[in-house]
Amino acid sequence: MDFTLPESALAVQRGVGDICARYDLDYWQRCESEKRWPEEVWQDLAKGGWLGLAVPEEYGGGGQGLLELAVATETLSASGSAGGSAFTYVLTPGFGAMTLARHGSPWQRDELLPGLATGELETCFALTEPDAGSNALGISTSARRDGAEFVVNGQKIWITGVQRATWMLLVTRTIPAAEAKPRTNGLTVLLVNVPEAVAAGRLSFQPIPKMGANTTPSNMVFIDDLRVPERNVVGEVDQGALVLWDILNPERVLLAASALGGAEVALRVAVQYAKEREVFGRPIGANQAIAFPLAQVKAKIELARLMLYKAAWLFDRQLPCGTEANIAKLTASQAAWEAADHAFQTHGGMAYSLEYPVARLLADARIGKVAPVTEELLLNYLATQVLGLPRSF
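Residues numbered from 1 in each chain as written. Predicted model: local features only at pLDDT ≥ 70, side-chain atom pairs only at ≥ 80, totals over all residues. Heavy atoms only, no water.

Draft legend 1. Quick look at the side chain of asparagine 249. Tracing the sequence through the fold places asparagine 249 in helix α8 (residues 240–276). Classification of asparagine 249 by relative accessible area gives buried; the value is 15%. Once you skip the residues sitting within four places of it in the chain, asparagine 249 turns out to touch Cys321, Gly322 and Ala325. (Helix = DSSP H or I, 4+ residues; strand = E, 2+ residues; numbered from the N terminus. Buried < 20%, exposed > 50% of the residue type's maximum accessible area, 1.4 Å probe, protein only. Contact = heavy atoms within 4.5 Å.)

Draft legend 2. Structural context of the UniProt feature "domain: Acyl-CoA oxidase/dehydrogenase middle" (unreviewed entry) in the protein chain. The positions that UniProt labels "domain: Acyl-CoA oxidase/dehydrogenase middle" (unreviewed entry) are, in the present scheme, residues 124–225. The annotated region residues 124–225 carries 6% helix and 46% strand content, and the separation between its end C-alpha atoms amounts to 20 Å. (UniProt positions renumbered as here; feature names shortened; annotations may be inferred.)

Draft legend 3. Local environment of the side chain of threonine 160. With respect to the secondary-structure elements, threonine 160 resides in strand β3 (residues 149–160). Note on threonine 160: relative accessible area 10%, which makes it buried. Separated by 2.8 Å, the side chains of threonine 160 and serine 218 make a polar contact. The contacts of threonine 160, once residues within four sequence positions are left out, are Phe87, Leu91, Cys124, Thr216, Pro217 and Ser218. (Polar contact = N/O pair within 3.5 Å; in protein donor to acceptor, adjacent residues only side chain to side chain.)

Draft legend 4. Quick look at the packing of α8 against helix α9 (residues 288–316). At their nearest, the axes of α8 and α9 sit 10 Å apart, and the two run at 155° to each other. As summarised for this structure, α8 and α9 are arranged roughly antiparallel, according to the angle between their axes. Like other packed secondary-structure pairs, α8 and α9 cross with a definite hand, here left-handed. Facing α8, whose interface residues are Asp246, Pro250, Val253, Ala256, Ala257, Leu260, Ala263, Glu264, Leu267, Ala270, Val271 and Ala274, α9 presents Ile290, Leu294, Val297, Lys298, Ile301, Glu302, Ala304, Arg305, Leu308, Ala311, Ala312 and Phe315. In the contact of α8 with α9, the residues fall into 19 nonpolar, no polar and five charged. (Axes fitted to C-alpha atoms, helices over the stretch in contact; angles between N-to-C directions. Parallel < 35°, antiparallel > 145°, perpendicular 65-115°, else oblique. Left-handed = near helix turned anticlockwise from the far one by under 90°. Nonpolar A, V, L, I, M, F, W, Y, C, P; charged D, E, K, R; others polar.)

Draft legend 5. The arrangement of helix α4 (residues 66–81) in detail. The buried fraction of α4 is high, at 15 of 16 residues. Note on α4: the residue one or two positions beyond its end, alanine 82, has a positive phi of about 55°.

Draft legend 6. Here's a closer look at the nonpolar core. Formed by 104 residues in total, the largest nonpolar core has its most connected members in Val16, Leu45, Tyr89, Phe125 and Leu308. Among the elements that take part in this core, α8 stands out by supplying 20 residues, more than any other. With sequence-adjacent residues up to four places away left out, phenylalanine 125 is seen in contact with Phe95, Ile159, Leu169, Val171, Leu244, Ile247 and Leu248. If you look at the next biggest cluster of nonpolar residues, it comprises 20 residues, including Phe150, Val194, Leu226 and Val233. (Core = buried A, V, L, I, M, F, W, Y, C linked by side-chain atoms within 4.5 Å.)

Draft legend 7. Local environment of the UniProt feature "domain: Acyl-CoA dehydrogenase/oxidase N-terminal" (unreviewed entry) in the protein chain. Here, the residues flagged by UniProt with the feature "domain: Acyl-CoA dehydrogenase/oxidase N-terminal" (unreviewed entry) are residues 9–120. End C-alpha atoms of residues 9–120 are separated by 24 Å, and the span's content is 71% helix alongside 0% strand.

Draft legend 8. Inspection of the packing of helix α10 (residues 322–347) against helix α12 (residues 375–386) at higher detail. Put simply, α10 and α12 touch, their axes get as near as 10 Å, and they point 145° apart. For α10 against α12, the interelement crossing comes out left-handed. Side by side, α10 and α12 meet where Gly322, Thr323, Asn326, Ile327, Lys329, Leu330 and Gln334 of the first sit next to Glu375, Leu378, Leu379, Tyr381, Leu382 and Val386 of the second.

Now the structure itself:
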């Protein structure tokens, strides 16, 4: 058993870390307040080749796996971006490059992977629907075959990054949920050219005002009689669940990595303030009421990181990793929330001041407890699928 990161991951840690060192907390605060994509960071990562980590070498990428992507995400997040970093590595390297490298057809890989490696092409992922919520198998967006095309109709919600995306990985029902046996049958993942669909008036979107992570808008998406050629099917028709699990598990891992990085930022900010702030003649960090909760956060970060790396390691070896990915997501999100909450408490009233980054860190940390899947559903999975307890529905 070896707990040392491989050289490939250490190289990512160094390379991404060198880029991140150019951007301080104030930079990320400005991006959030101005609600703008961190374009400078994106371009630096692209120039350094750090966006194409999961793209096979024959397509111009690094030929690395989920572990390296997780390390990159954690490093970026810990530099100060916190929750905002998730979208940098989830949307295109995760949803796009990793999925197509594993499940894409030869045409899809030739057409998209070189551009995904350089950042010239970007992707987003559309699964969640207003009525289905966390019930991924209960979606109703339909894809009806018409000759060599599918005609798609439906709505999606909380779809992040549509504005920048060249391609959307769209999860549809080619067999209605009520007719599918088993329920995982009848899902089909389609590649949609977003600019073309928008220009044709068949796809539209509306940003959702939100309390945090405003570097990337999240949207309602409306799809009306959109025609998608059959060659744009990722994987096999009706068998999209096999593709979906290989999207959702890496998503959980990368969001866990982002949460851990955010926890590190919050802990670092809290510790620094606890050292500098003096009340009653001594630094407040000398008080156990301040020091012990921060020490507990550090322990939880390290424990969550072990499961995060294990889940990524398993995925890269095409071994079952659902349980580990869910535990990593659960524990990392909890650590991030506790770190941000204790950072807030450590700062006291000054946490309300936007002079400090604590309010942003708190808002970003809260996301992980409900998205992309709620903490309760993660616990339900562990209770029923791992412990074998009776299902409640």
